[in-house]
Amino acid sequence: MKLGLGLYRHQLNRRSFKFARQCGATHVVAHLVDYFNRGEHSPADSQPTGGTGGWGVAGDPERLWTVGDLRALRNEVNEAGLELEAIENIDPAHWSDVLLDGPRKAEQLEGLKTLIRRIGEAGIPILGYNFSIAGVAGRTTGPLARGGAVSVGMDGIDESPIPQGMVWNMIVNRTAMDAVLPDIDAEELWRRLGDFLNTLLPVAEEAGVRLAAHPDDPPVPRLRGQPRLVNQPHLFQRLLDVNASPSNVLEFCIGTIAEMTEGDVYEAVDRYSSQHRIGYVHLRNVSGKAPRYRETFLDDGDVDIPRVLRILRQNEFDGVVIPDHTPELACDAPWYAGMAYAMGYIRACLDEAEPGPPRP
Ligand SMILES: [Mn+2]
């Protein structure tokens, strides 16, 4: 197993790469979507949260990330002594109608094919995505973790309807904010996911790219009036069974699985890692279950994190593990300090799960 660090778009710079390397990372997962673009409620020094108005405004629908952008990023990561393992998340501007089954769906699917080919050309092995209409929404922020550390939690289900101009918790069309999205059922959303996977997986395989699915965070059956897909552990299997391609893999988020009301987190880790269908792992601890839980420090929630890593090791998972969100530490650099704490903790667990040669 390899230790990585996920960095937001505004953190994709030499200093953060050095920080990752100094924390013991060998790999980076990069977010290219600018979640914080003109967002009113999202502080850019933490994970995006936002209110019912979403995180911010989506990118330019006419401009896909280019091979040049992707190569330059990879080179800069490599120069810091790191590998670029994955691009995490697709800009809503580039797949809004794939999620919503809108008029530009066919055109956007062609765009995504181009994007996947470019990611392959740049030598980046994984594209992480989250097939969700509401996205990561409906959570609250506060002094919820140990010692009053600022963290994120959920306190009941947000049922406020989503404006038509919004998808994946970002604004894609500022002129369509009065009407709301139509009601659909979960089967319709599974059908749309099928179109997405069956159209793109052959291209991904050819490009040497794996598409890694994040479960619904928070994992509830419906959020803001829209259905959600992977909100119980057994539904990962349904997603994998949509298409048997080796490029159809999971962005396996331990915190989200722990929030699910059914099943057992260790059984889920064993079940999916033994199928060798995990692209990379998000490691996070939580206390409670959806729709009432809070994110905690890795050593402080309901999940025995060392046990999770031992199961991954037993099943020979050799991919990248990154900290997911983490509570912030009270200091001048709360996000970085929280991450440094998480990285040190994971590094120590990995050394225990996979002992290397004795140190002099
Ligand atoms: Mn996650």
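Heads up: these notes are all about the structure in this document. (Residues numbered from 1 in each chain as written. Predicted model: local features only at pLDDT ≥ 70, side-chain atom pairs only at ≥ 80, totals over all residues.)

Helix and strand counts for the chain stand at ten helices and 17 strands. Relative to the compact-globule value of 21 Å for 360 residues, the chain shows a C-alpha radius of gyration of 19 Å, a close match. Taken over the C-alpha atoms alone, the chain extends approximately 65 × 45 × 40 Å along its principal axes. Taken across its 360 residues, the chain has 52% of its residues classed as buried. Put simply, of all contacts in the chain between residues at least 6 apart along the chain, 71% involve residues at least 24 apart. (Helix = DSSP H or I, 4+ residues; strand = E, 2+ residues; numbered from the N terminus. Rg over C-alpha atoms; globule rule 2.2 N^0.38 Å. Buried ≥ 20, exposed ≤ 12 C-beta atoms within 10 Å, placed from the backbone. Contact = placed C-beta atoms within 7 Å.)

With that settled, the discussion passes to the sheet that holds strand S14 (residues 278-283). Ordered by their spatial adjacency, eight strands build a closed barrel running S1-S2-S4-S5-S10-S13-S14-S17, and the pairing between neighbours is parallel. Taken over all neighbouring pairs, the strand axes of this sheet differ in orientation by 30° on average, direction set aside. Pairing geometry for S14 and strand S17 (residues 320-323), over four bridges, is parallel. For His 282, the partnering residue across the bridge sits in S17 and is Ile 322. (Pairing = 2+ DSSP bridges. Axes fitted to C-alpha atoms, helices over the stretch in contact; angles between N-to-C directions.)

Okay, the packing of helix H4 (residues 105-121) against helix H5 (residues 186-207) next. Relative to each other, H4 and H5 sit at 15°, their axes nearing to 9 Å. Put simply, H4 runs roughly parallel to H5. At the point where H4 passes H5, the crossing takes the right-handed sense. Contacts between H4 and H5 pair Leu 109, Leu 112, Lys 113, Ile 116, Arg 117, Ile 119 and Gly 120 from the former with Thr 199, Leu 200, Val 203, Ala 204 and Ala 207 from the latter. (Parallel < 35°, antiparallel > 145°, perpendicular 65-115°, else oblique. Left-handed = near helix turned anticlockwise from the far one by under 90°.)

This part covers the sheet that holds strand S3 (residues 56-57). On the basis of which strands lie adjacent, the open sheet formed by three strands has the order S3-S9-S8 and mixed pairing. Strand pairing shows two members of the sheet lacking a second neighbour, S3 and strand S8 (166-167), which therefore form its edges.

With that out of the way, let us pick up helix H10 (residues 334-353). An α-helical segment advances 3.6 residues per turn. Residues three or four places apart therefore align on the same side. If you check H10, its first and last C-alpha atoms are 29 Å apart, about what 20 residues at 1.5 Å a residue would give, namely 28 Å. Check the buried side of H10 and you find it contacts strand S1 (2-7), S14, helix H9 (305-314) and S17. (Expected span 1.5 Å × (residues − 1).)

Moving on, we get to the pairing of strand S4 (residues 83-88). By the criterion of burial, S4 is predominantly enclosed, with five of the six residues buried. Looking at chain direction, strand S2 (residues 27-31) and S4 are connected through five bridges and run parallel. Residue pairing across strands places Val 28 opposite Leu 84, the latter belonging to S4. Relative to strand S5 (residues 126-129), S4 runs parallel, the two being bridged by three bridges. Looking at S5, one finds that Glu 88 is bridged to Gly 128.

Along the chain, the position of Gly 59 falls in the loop between S3 and helix H2 (67-79). Residue classification places Gly 59 among the buried residues on the basis of 20 C-beta atoms within 10 Å. Once the C-alpha coordinates of Gly 59 and Ile 171 are considered, the two residues, 112 residues apart in sequence, prove to be 9.2 Å apart.

Okay, the environment of Asp 91 next. Looking at where Asp 91 falls in the secondary structure, it is placed in the loop between S4 and helix H3 (92-100). On the basis of neighbour count, Asp 91 is assigned to the buried category, with 22 C-beta atoms found within 10 Å.

Ranked by internal contacts, the top residues of the largest apolar core, which has 110 residues, are Val 28, Ile 116, Ile 119, Leu 127, Leu 211 and Ile 254. Among all residues touching Val 28, those that are not within four sequence positions of it are Gly 4, Leu 5, Leu 7, Phe 17, Ala 20, Val 77, Leu 82, Leu 84 and Glu 85. (Core = buried A, V, L, I, M, F, W, Y, C linked by C-beta atoms within 7 Å.)

Mapped onto the elements of the fold, Arg 238 is located in helix H6 (residues 235-242). A tally of 13 C-beta atoms within 10 Å means that Arg 238 is categorised as partly exposed.

Note: strand S6 (residues 140-145) against strand S7 (residues 149-155), four bridges, orientation antiparallel. Bridged to Gly 142 within S7 is Ser 151. Between S6 and S7, which pair antiparallel in sequence order, lie three residues; one of them, Gly 147, sits at a positive phi of approximately 65°.

In this section: H5. Across its 22 residues, H5 extends 30 Å between first and last C-alpha, which sits within 8% of the 32 Å expected from 1.5 Å per residue. Leu 201 marks the point of greatest bend in H5, at about 35°, and the proline Pro 202 comes within the next four residues. Taken residue by residue, H5 has Leu 193, Phe 196, Leu 197, Leu 200, Leu 201, Ala 204 and Ala 207 as its buried positions. Where H5 is buried, its residues meet H3, H4, strand S10 (210-213), H6 and strand S13 (248-253). (Bend = angle between axes of the 7 residues up to and from the residue.)

These figures come from the coordinates and say nothing about function on their own.
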